[in-house]
Amino acid sequence: MASENILEVRNVTHRYGDFIALKDVTITVPEERLTALIGPNGAGKTTFYNVVSGKYRPSRGSIIFNGVNVTGYSPHKLSLMGLSRSFQITNIFHELTVIENVMIPIALHEGKGFYFWTKYRKDRHLFNEAMKVLSLVGLEDVYARVTRELSYGDRRLVEIAIVLAGKPQLVLLDEPTAGMTPEETEKMVHLIKNLATTTETTFFFTEHDMNVVFSVAEYIYVLHQGELLAQGKPEDIRADPKVREAYLGGSLDT
Ligand SMILES: Nc1ncnc2c1ncn2[C@@H]1O[C@H](COP(=O)(O)OP(=O)(O)O)[C@@H](O)[C@H]1O
Ligand SMILES: [Mg+2]
């Protein structure tokens with residue numbers, strides 16, 4: 001079904017052995033709307049992302065990306081189609097400079113292999129393209145720094161830049177603010193909001209802290225114990241007694 005929805009997840013159930021981590025979850029992400037998936041720790045958010053990004057095949061249900069049924073496609077195939085997820089900091093080459101970390105995925109995206117990297121290092125076009133991506137995330141001033149030397153928050157921004165380098169249509173960000181200080185969190189959340197409005201990429205992110213989401217997300221889905229508990233605009237979610245109870249029922253700092 002072709003539609004303006006970039007992602008439709010239909011009736012997805014996922015089991016780990018006997019444990020049901022996702023139960024009949026249906027979620028729609030329209031293009032150009034900043035959508036968030038929230039829920040306390042253990043709600044199933046990461047499982048959901050692993051299923052949508054192709055790491056796991058769902059036990060039941062289907063994933064429709066841009067009108068195409070992509071259930072069971074590999075992460076690599078999905079990323080070539082324009083559906084990318086952040087791979088956490090492990091994807092970064094810490095000993096390379098910030099700009100080199102972005103030049104590599106651009107070279108790969110343009111079909112230039114990895115092999116002649118020493119040559120691409122001097123490639124002006126790659127450099128300029130990478131600088132454009134770095135300026136989107138506000139890292140242009142530290143482009144020549146060795147990535148290892150950056151703050152944790154800035155390394156997470158490099159991770160976002162690496163994802164954006166592949167010019168994706170849809171980006172899944174799994175707790176992009178995890179482990180960040182309140183200042184870094186604020187910066188990251190506003191960056192996501194900014195990218196969602198200034199680029200043609202659609203963002204769908206998870207977050208366990210609901211307060212972080214309310215200021216930026218336009219539409220929110222709430223997962224609780226593997227099931228969709230609520231969905232709606234931030235103001236509706238904030239006022240929903242079911243949502244409050246789900247959060248307060250767990251530990252207060254989740
Ligand atoms: N690979 C796995 N094998 C078995 N159980 C898992 C696995 N990954 C996650 N779980 C369980 O599934 C539930 C949801 O986990 P997860 O998707 O990581 O939640 P969240 O990201 O919302 O914190 C948790 O109870 C977790 O222990
Ligand atoms: Mg998680």
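One structure accompanies this document, and this report is about it. (Residues numbered from 1 in each chain as written. Chains lettered and ligands numbered in written order. Predicted model: local features only at pLDDT ≥ 70, side-chain atom pairs only at ≥ 80, totals over all residues.)

**Side note on the nonpolar core**
Among the nonpolar cores identified, the biggest contains 68 residues, and Val102, Met103, Leu134 and Ala161 are the most heavily contacted of them. With eight residues, the single largest contributor to this core is helix H6 (residues 152-165). A domain split of this core shows at least three residues from each of domain 1 (1-82 + 168-254) and domain 2 (91-167). For Leu134, the contacting residues outside a window of four places in its chain are Val98, Ile99, Val102, Leu139, Glu140, Tyr143 and Ala161. (Core = buried A, V, L, I, M, F, W, Y, C linked by C-beta atoms within 7 Å. Buried ≥ 20, exposed ≤ 12 C-beta atoms within 10 Å, placed from the backbone. Helix = DSSP H or I, 4+ residues; strand = E, 2+ residues; numbered from the N terminus. Domains from an automatic or database assignment. Contact = placed C-beta atoms within 7 Å.)

**Structural notes on the packing of helix H3 (residues 98-109) against helix H5 (residues 124-136)**
Between H3 and H5, the least distance of the axes is 9 Å, while the angle of their chain directions is 110°. In terms of orientation, H3 lies roughly perpendicular with respect to H5. Here the hand of the crossing between H3 and H5 comes out right-handed. Within the contact between the two elements, H3 uses Val98, Ile99, Val102, Met103, Ile106 and Ala107 and H5 uses Leu126, Phe127, Glu129, Ala130, Met131, Val133 and Leu134. Each residue belonging to the contact of H3 with H5 can be placed in one class, and the counts come to 12 nonpolar, no polar and one charged. (Axes fitted to C-alpha atoms, helices over the stretch in contact; angles between N-to-C directions. Parallel < 35°, antiparallel > 145°, perpendicular 65-115°, else oblique. Left-handed = near helix turned anticlockwise from the far one by under 90°. Nonpolar A, V, L, I, M, F, W, Y, C, P; charged D, E, K, R; others polar.)

**Section: the pairing of strand S8 (residues 202-207)**
Summarising burial for S8: six of the six residues are buried, a large majority. Neither face of S8 is open: one carries Thr202, Phe204 and Thr206, the other Phe203, Phe205 and Glu207, and all of them are buried. When strand S3 (residues 35-38) meets S8, the two strands line up parallel, connected through four bridges. Paired with Leu37 across the bridge in S8 is Thr206. Alignment of strand S7 (residues 170-174) against S8, held across five bridges, turns out to be parallel. Residue pairing in the sheet places Leu172 in a bridge with Phe204 of S8. Handedness of the crossover joining S7 and S8 through helix H7 (residues 182-198) is recorded here as right-handed. (Pairing = 2+ DSSP bridges. Right-handed = clockwise from strand over helix to strand, strands pointing away.)

**Some words on the environment of Met103**
Tracing the sequence through the fold places Met103 in helix H3. The buried category is assigned to Met103, around which 26 C-beta atoms lie within 10 Å. Each C-alpha atom, one on Met103 and one on Asn128, is 9.1 Å from the other, the two residues being 25 residues apart in sequence. Setting aside residues no more than four positions away along its own chain, Met103 makes contact with Tyr120, Leu126, Phe127 and Ala130.

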